[in-house]
Protein chains: 2
Amino acid sequence: MTNRSTVRTKKAIKHAFSELVEEKGLDSLTVSDVARTAGINRGTFYLHYVDKDDLKNQLESEALESLQERLFSNENADPDDPVDVIPYEAILGALEYVQDDFEFIRAIVGPRGDHAFLGRFRGQLGQMIEKQIAKSSTLRLSMKGFPREYAMQVMLSGIVAITELWLSNGGKESPEEIATMIHESRKLAPYEFLK
Amino acid sequence: MTNRSTVRTKKAIKHAFSELVEEKGLDSLTVSDVARTAGINRGTFYLHYVDKDDLKNQLESEALESLQERLFSNENADPDDPVDVIPYEAILGALEYVQDDFEFIRAIVGPRGDHAFLGRFRGQLGQMIEKQIAKSSTLRLSMKGFPREYAMQVMLSGIVAITELWLSNGGKESPEEIATMIHESRKLAPYEFLK
DNA sequence: ACCCTTAATCAACAGACCGTCCATAAGAGA
DNA sequence: TCTCTTATGGACGGTCTGTTGATTAAGGGT
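Undergrad: I would appreciate a short explanation of the interface of chain B and chain A in the present structure.
TA: Note on interface size: it is often stated as the accessible area lost on association of the parts. Contacts between chain B and chain A engage 49 residues on the former and 49 residues on the latter. Of the roughly 4800 Å² buried where chain B meets chain A, counting both sides, 68% is carbon and sulfur surface. Three residues, B:Y150, B:Y191 and B:F193, lead the burial of chain B against chain A; their summed loss comes to 18% of the area buried on that side. The tally of links from chain B across to chain A stands at zero salt bridges. Counting every contact that joins chain B to chain A gives nine residue pairs in polar contact (both at pLDDT 80 or more). Breaking the side of chain B that touches chain A down by element, the ones donating at least two residues are helix 7 (115-135), helix 8 (148-168) and helix 9 (175-185) of chain B.

In structure tokens, the structure reads:
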């Protein structure tokens, strides 16, 4: 239903949930807490969600779908340019969505949130990279003594680390600044940060 | 107490806890579960721990202390060699401890474990790197357009990513192999994994 | 082998939250 | 205005919690 009161109630639940994840952690919060904080009856919660886990899953799925959309919209990326394996356009789009849904995403990604969420996002990012590599006739994930799996994780981890820090710092920088940092970081070996 | 039965009971609790974290996740497991699985009376649990959170914290602290010890024992590292900012010796020592305490660490780091644990470990690793940089007269974390904070996180993330994957793959490789991979990864920019 | 300390067991307690139900009130839409 | 949907409020039995008190079992010291 896109009923007015339904929308209002669901928004209140999402807002309360985000607050509570930040405040007392996903583990500790209860359905009673959510209802109390959202200012709704506990029974009303159960009209919309099966339980706490269902709420978490629905909210996460919505966010991941939106992120997926943006990550995979990178039409004008050059298939054979290694730099475009992680298209600026796609990263920026995703970061802009993060900014729009900041309260929830910060909470769920944060230290008291759900570890699995970032794991699933990492998976999406990996798929995008795989897709870009597949599009190219010349590029592939080379080994350099690294099992393919490990190489991929190392590639992903830097991107996710930057995004996580951005979130925990409160999103001070603009999505453009972060996208640029991610872009630049791809060209630097860890030791090059030392001089 | 180092009483025989105390030691036996605590071991049973830790083992049961690790199993249950792996199986149903840290969120969902209860003290009743732990007691049942460990084959002890629920009351006995409360003779040793305040509650589930206390158990988690005690086990995590023990592990982090042991890791800290090994990370900070790197006497023969060259202060002015950038490569020794992350001394092979220290990394290997830490990985060997992980192998010893594998069941627990895999569970707590895993997708249904405690996100905060890795966060704290990341902090320790960061401190070690800061300490090594401080020892040197010539080295420092340079910017290259990166805020210091972001540079540090990118440095850390690759190391942690490799360790996480090692854990989730069941620790097939030896600590030496992983330590070598971490060592080598420091010299490669993400795009160099593509050819 | 003995006693005595310490740990583990068992049963019972009130309190919190759970998931469900039903009767009632409020409100949105035609 | 009338109707259909959503929200409310209260009550149910059930599970888990943290604590207590009485009892049994095991360990260590001499």
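Undergrad: Sorry, what's going on with the pattern of salt bridges here?
TA: Oppositely charged side chains can form a pair if their charged atoms are brought close together. Residues and elements named next belong to chain A. In total, this model carries 18 salt bridges over all chains according to the counting rule given. Between R120 and D114 there is a salt bridge, with its nearest N and O atoms 4.0 Å apart. We classify D114 as buried; its relative accessible area is 10%. Overlapping salt bridges, with partners in common, bring together D53, K56, E60, D114 and R120 in one network.

Undergrad: Would you mind showing me how to read the nonpolar core here?
TA: Within soluble globular proteins, side chains that are nonpolar tend to cluster in buried spots. Within the largest apolar cluster, 130 residues are counted, with the highest numbers of intra-cluster contacts made by A:F17, A:L125, B:F17 and B:L125. Here A:F17 is in contact with A:L26, A:L29, A:L55, A:K56, A:L59, A:F104 and A:I108, once residues within four sequence places are set aside.

Undergrad: Any chance you could explain helix 2 (residues 31-38) of chain B here in plain terms?
TA: Every α-helical turn comprises 3.6 residues, leaving residues that sit three or four positions apart pointing alike. Residue and element names in this part refer to chain B. Of the positions making up helix 2, those classed as buried are V31, D33, V34, A35 and A38. Buried residues belonging to helix 2 abut helix 1 (4-24), helix 3 (42-48) and helix 4 (52-71). Positive backbone phi, at 70°, marks G39, one or two positions downstream of helix 2.

Undergrad: Is there a simple way to think about the packing of aromatic side chains in this case?
TA: Given two aromatic rings, one states the distance between the centres and the angle between the planes to describe the pair. Residue and element names in this part refer to chain A. In the structure shown here, the tally under the stated rule is eight aromatic pairs over all chains. Note on F45 and Y49: the rings are 5.6 Å apart at their centroids and 45° apart in plane angle, and the pair reads as tilted. We classify F45 as buried; its relative accessible area is 0%. Following the ring pairs from residue to residue traces out a cluster consisting of F45, Y46 and Y49.

Undergrad: Would you mind showing me how to read the relation of the copies chain B and chain A here?
TA: Taken together, a rotation about one axis and a shift along it account for how the two chain copies relate. Rotating chain B by 180° and moving it 0.0 Å along the rotation axis overlays it on chain A with an RMSD of 0.0 Å. Considering both components of the superposition, the chain copies are consistent with a two-fold axis. Using C-alpha coordinates, one finds that chain B approaches the rotation axis most closely at B:A189, a distance of 1.9 Å. The residues that chain B uses at the interface reappear at the interface of chain A in 100% of cases, marking a shared surface.

Undergrad: Whenever I open this one, the side chain of A:R122 confuses me. Can you help?
TA: Positionally, A:R122 belongs in helix 7 (residues 115-135). Here A:R122 sits buried without a salt bridge, and the closest side chain of opposite charge, B:E164, lies 4.8 Å off (N-O distance). Ignoring any residue separated from it by four or fewer positions in sequence, one finds A:R122 in contact with A:Q153, A:L156, A:S157 and A:V160.

Undergrad: Is there a simple way to think about the domain arrangement of chain A in this case?
TA: Residues and elements named next belong to chain A. Examined at the domain level, chain A breaks down into domain 1 (1-49) and domain 2 (59-193). Distance between the C-alpha centres of domain 1 and domain 2: 30 Å. Between domain 1 and domain 2, the residue contacts involve eleven residues of the former and ten residues of the latter. Taken together, both faces of the contact between domain 1 and domain 2 bury some 990 Å²; the carbon and sulfur share is 57%. The interface formed by domain 1 and domain 2 includes one salt bridge. Residue K14 is joined to D101 by a salt bridge in which the shortest nitrogen-to-oxygen separation is 3.1 Å. Tallied by class, the residues present in the side of domain 1 that touches domain 2 amount to three nonpolar, three polar and five charged.

Undergrad: Before we go on, may I ask you to explain the packing of helix 5 (residues 88-100) of chain A against helix 9 (residues 175-185) of chain A in this structure?
TA: Residue and element names in this part refer to chain A. Two elements in contact, helix 5 and helix 9, have axes whose closest approach is 9 Å; the angle formed by their N-to-C orientations is 140°. On the basis of their axis angle, the class for helix 5 and helix 9 is oblique. Note on packing geometry: the crossing formed by helix 5 with helix 9 is right-handed. In this structure, helix 5 uses Y88, I91, L92, L95, E96 and Q99 to contact helix 9, whose residues at the interface are P175, E176, I178, A179, T180 and I182.

Undergrad: I keep staring at the environment of A:D53 and nothing clicks. Help me out?
TA: As for its position among the elements, A:D53 is in helix 4 (residues 52-71). Measuring from C-alpha to C-alpha, the distance between A:D53 and A:T30 comes to 10 Å, with 23 residues separating the pair along the chain.

Undergrad: So what exactly am I meant to see when it comes to a negative patch on the surface here?
TA: Residue and element names in this part refer to chain A. Negative charge collects at one region of the surface, where E19, E22, E23 and E103 lie side by side. Here the negative patch takes three residues from helix 1 (residues 4-28), the largest share from any one element. By the secondary structure assignment, E103 is in helix 6 (residues 102-109). Overall, the relative accessible area of 37% leaves E103 in the partly exposed class.

About the cut-offs
- Residues numbered from 1 in each chain as written.
- Chains lettered and ligands numbered in written order.
- Predicted model: local features only at pLDDT ≥ 70, side-chain atom pairs only at ≥ 80, totals over all residues.
- Heavy atoms only, no water.
- Contact = heavy atoms within 4.5 Å.
- Buried area = accessible area lost by both parts, 1.4 Å probe.
- Salt bridge = Lys/Arg side-chain N within 4 Å of Asp/Glu carboxyl O.
- Polar contact = N/O pair within 3.5 Å; in protein donor to acceptor, adjacent residues only side chain to side chain.
- Helix = DSSP H or I, 4+ residues; strand = E, 2+ residues; numbered from the N terminus.
- Buried < 20%, exposed > 50% of the residue type's maximum accessible area, 1.4 Å probe, protein only.
- Core = buried A, V, L, I, M, F, W, Y, C linked by side-chain atoms within 4.5 Å.
- Phe/Tyr/Trp six-rings, centres within 6.5 Å; stacked < 30°, edge-to-face > 60°.
- Least-squares fit on C-alpha atoms with pLDDT ≥ 70 in both.
- Lys, Arg positive; Asp, Glu negative; His and termini not counted.
- Domains from an automatic or database assignment.
- Nonpolar A, V, L, I, M, F, W, Y, C, P; charged D, E, K, R; others polar.
- Axes fitted to C-alpha atoms, helices over the stretch in contact; angles between N-to-C directions.
- Parallel < 35°, antiparallel > 145°, perpendicular 65-115°, else oblique.
- Left-handed = near helix turned anticlockwise from the far one by under 90°.
- Patch = residues over 30% accessible without salt bridge, like charges linked within 9 Å, V, L, I, M, F, W, Y side chains within 5 Å.
- Areas by Shrake-Rupley, 256 points an atom, 1.4 Å probe, with all protein chains shown as cover.
- Charge placed at Lys NZ, Arg CZ, Asp CG, Glu CD.

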